[in-house]
Amino acid sequence: MNEEVKETALKLSDYAEAVNQKIKRRLFWLTIAALLGMIVFVIIEALGLDTPGSIFERIASAGLGFVFGMLIVIALYLSGILGKIKAGRMIFRNNRRMS
């Protein structure tokens, strides 16, 4: 019985590590995309292409909005709140299935 508990704990640990790596990989690529959005925003602002009503103004605004959203997601992840939200969703889903 003790060996089975060890094996189960190791499998659970491996699964948790795989999930963490997947989340970190996603956050890495989203951070890269946010940096690109910020670069686009800075370039458009520096060149003065963001005249009111122009397509460049919309692109710059979208890039800045994406960056702001990513900062919120990263802050939630680093603070642990994102994990708690995900855990809460899993509990909610399991409770709904049981009903």
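As shown above, the structure is provided for reference.
Predicted, not measured: the structure shown is a model, and the values here were computed from it. (Residues numbered from 1 in each chain as written. Predicted model: local features only at pLDDT ≥ 70, side-chain atom pairs only at ≥ 80, totals over all residues. Heavy atoms only, no water.)

Draft legend 1. Quick look at helix 1 (residues 2–47). Taking 1.5 Å as the rise per residue, helix 1 with 46 residues should run 68 Å; its terminal C-alpha atoms sit 67 Å apart, in good agreement. Restricting attention to buried positions, one finds in helix 1 the residues Leu27, Ala34, Gly37, Phe41 and Ile44. The inward-facing, buried residues of helix 1 contact helix 2 (55–79). Looking at the residues trailing helix 1, positive phi occurs at glycine 48, about 70°. (Helix = DSSP H or I, 4+ residues; strand = E, 2+ residues; numbered from the N terminus. Expected span 1.5 Å × (residues − 1). Buried < 20%, exposed > 50% of the residue type's maximum accessible area, 1.4 Å probe, protein only. Contact = heavy atoms within 4.5 Å.)

Draft legend 2. Looking closely at a positive patch on the surface. Taken together, the side chains of Lys22, Arg25, Arg26, Lys86 and Arg89 present a region of like positive charge at the surface. For the positive patch, the elements supplying multiple residues, two or more each, are helix 1 and helix 3 (81–98). Here the positive patch takes 3 residues from helix 1, the largest share from any one element. Relative to the helices and strands, arginine 89 resides in helix 3. Residue arginine 89 is classed as partly exposed on the basis of its relative accessible area, which comes to 48%. (Patch = residues over 30% accessible without salt bridge, like charges linked within 9 Å, V, L, I, M, F, W, Y side chains within 5 Å. Areas by Shrake-Rupley, 256 points an atom, 1.4 Å probe, with all protein chains shown as cover. Salt bridge = Lys/Arg side-chain N within 4 Å of Asp/Glu carboxyl O. Lys, Arg positive; Asp, Glu negative; His and termini not counted. Charge placed at Lys NZ, Arg CZ, Asp CG, Glu CD.)

Draft legend 3. Quick peek at the pattern of salt bridges. Per the stated rule, a full pass over the model turns up 1 salt bridge. In this structure, lysine 11 engages glutamate 7 in a salt bridge whose closest nitrogen and oxygen atoms are separated by 3.4 Å. Residue lysine 11 and its partner glutamate 7 are located together in helix 1, separated by 4 residues, close to a single helical turn.

Functional significance is not addressed by these values, which are geometric in nature.
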